[in-house]
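So the chains spell out like this:
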Amino acid sequence: MSGYLTTDQKKVTAKTFLKMKQEGEKITMLTAYDFTTAGILDRAGVDCLLIGDSASNVVAGNENTIPITMDQMIYHARSVARATNRALVLCDMPFGSYQVSEEEGVRNAIRIIKEAEADAVKIEGGAELAPMIKHMVDIGVPVCGHLGLTPQSIHKFGGYGLRAKEDAEAAKLISDAKALEAAGCFAIVLEKVPAALAKRVSEEVSCPTIGIGAGNGCDGQVLVYADMLGMSHGFKPKFLRRYADLETVITDAVGNYCRDVKSGAFPSAEESY
């Protein structure tokens, strides 16, 4: 079955990302955490499925991304990988899996590739991580960077506000992006930074940028699938566009099911053996 906007069923790789930027084709990315949803998103034609540590919020109900573990990320990533034929499967490295030492970070990246069968890993942080990222890339682990609002550093930032508004932080973000590019990152996520800055970064690095709350000048975009499908009406950031209202659809469907069971209308004779 061909994707909604693509007839090309060739597997998307890190190399494909670079080719898409060179050819001016925007990259589509959505999060996924389970087999069933991943299969639907993959068949719809999404270029990349991100097993985000946002599973900590969306799946487990935590207040932030910090509590989720390596084992939990591998569980979710393996489920997504099993359902995916075309999209690049990108897995976040969770908080604590790479901050202690380069050796531990590289070892955990290998775990994700081996045990989860993901295609690549994503890491939050700038130039300070460049040596570790280069080590990963050198041994064959594709790495996507992540700059701007980095949710694993939420306690340092003190909130989820816009990043790099001031000149000094903007200059550091540009420098960090170039360091990640030089280390071998095949893409960089830019989260919640001014659109003009994100556009400048996109123009100054050869690897693709994937924006979330970073304007239309990035080389691609990413959203949490549950947010863009309207599965919760409580989350309303400026950057979110809802493409469906599944909270209402699911609530109505479950309400109808409960009504039919209570009344005895389900199952009917035709639905019984």
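Owing to the predicted nature of the structure, the values given are computational and were not obtained by experimental measurement.

Now for the pairing of strand E4 (residues 120-124). Here E4 lies mainly inside the structure; five of its five residues are buried. Of the two faces of E4, the one lined by Ala120, Lys122 and Glu124 and the one lined by Val121 and Ile123 are each fully buried. Where strand E3 (residues 88-92) lies against E4, three bridges are found, and the strand directions are parallel. Its bridge partner being in E4, Cys91 is matched across the sheet by Val121. As paired elements, E4 and strand E5 (residues 143-148) share four bridges and run parallel to each other. Across the sheet, residue Val121 finds its bridge partner in E5, namely Val143. Between the parallel elements E4 and E5, the chain passes through helix H6 (residues 130-138) in a crossover that is right-handed.

Let us now look at helix H4 (residues 70-83). Between its first and last C-alpha, H4 extends 20 Å over 14 residues, near the 20 Å set by a 1.5 Å rise per residue. All of the buried residues in H4 are Met70, Met73, Ile74, His76, Ala77, Ser79, Val80, Ala81 and Ala83. The inward-facing, buried residues of H4 abut helix H2 (35-44), strand E2 (48-51), helix H3 (55-58), E3 and helix H5 (102-115).

In this section: unusual backbone geometry. In this model, Phe266 is joined to Pro267 through a cis peptide bond whose omega is 0°. Despite not being glycine, Glu117 has its phi angle at roughly 60°, a positive value. Structurally, Glu117 can be placed in the loop between H5 and E4. Residue classification places Glu117 among the exposed positions, given a relative accessible area of 57%.

With that out of the way, let us pick up the pattern of salt bridges. Tallied over the entire structure, the rule returns 13 salt bridges. In this structure, Asp92 engages Lys122 in a salt bridge whose closest nitrogen and oxygen atoms are separated by 2.7 Å. Note that Asp92 is positioned in strand E3 and Lys122 in strand E4, a separation of 30 residues in sequence. Taking the relative accessible area as the measure of exposure, Asp92 reaches 3% and is therefore buried. On the basis of relative accessible area, Lys122 is assigned to the buried category, the value being 3%.

Our next topic: H6. For an α-helix, the turn length of 3.6 residues means that residues three or four places apart are oriented alike. Where H6 is concerned, the buried positions are Ala130, Met132, Ile133 and Met136. Summarising the axial view, the buried residues of H6 lie within an arc of 160°, below the 170-degree limit, and thus occupy one face. Next to the buried residues of H6 lie H5, E4, E5 and helix H8 (167-183). Looking at the residues trailing H6, positive phi occurs at Gly140, about 105°.

Our next topic: the packing of H2 against H4. Between H2 and H4, the shortest axis-to-axis distance is 8 Å and the interhelical angle comes to 40°. Overall, the two elements H2 and H4 adopt an arrangement that is oblique. Our pair here, H2 against H4, has a crossing hand that is right-handed. In this structure, H2 uses Phe35, Ala38, Gly39 and Asp42 to contact H4, whose residues at the interface are Ser79, Val80, Arg82 and Ala83. Looking at the contact of H2 with H4 residue by residue, the classes come out as four nonpolar, two polar and two charged.

Thresholds applied
Residues numbered from 1 in each chain as written. Predicted model: local features only at pLDDT ≥ 70, side-chain atom pairs only at ≥ 80, totals over all residues. Heavy atoms only, no water. Buried < 20%, exposed > 50% of the residue type's maximum accessible area, 1.4 Å probe, protein only. Helix = DSSP H or I, 4+ residues; strand = E, 2+ residues; numbered from the N terminus. Pairing = 2+ DSSP bridges. Right-handed = clockwise from strand over helix to strand, strands pointing away. Expected span 1.5 Å × (residues − 1). Contact = heavy atoms within 4.5 Å. Salt bridge = Lys/Arg side-chain N within 4 Å of Asp/Glu carboxyl O. Arc of directions from axis to C-beta. Axes fitted to C-alpha atoms, helices over the stretch in contact; angles between N-to-C directions. Parallel < 35°, antiparallel > 145°, perpendicular 65-115°, else oblique. Left-handed = near helix turned anticlockwise from the far one by under 90°. Nonpolar A, V, L, I, M, F, W, Y, C, P; charged D, E, K, R; others polar.

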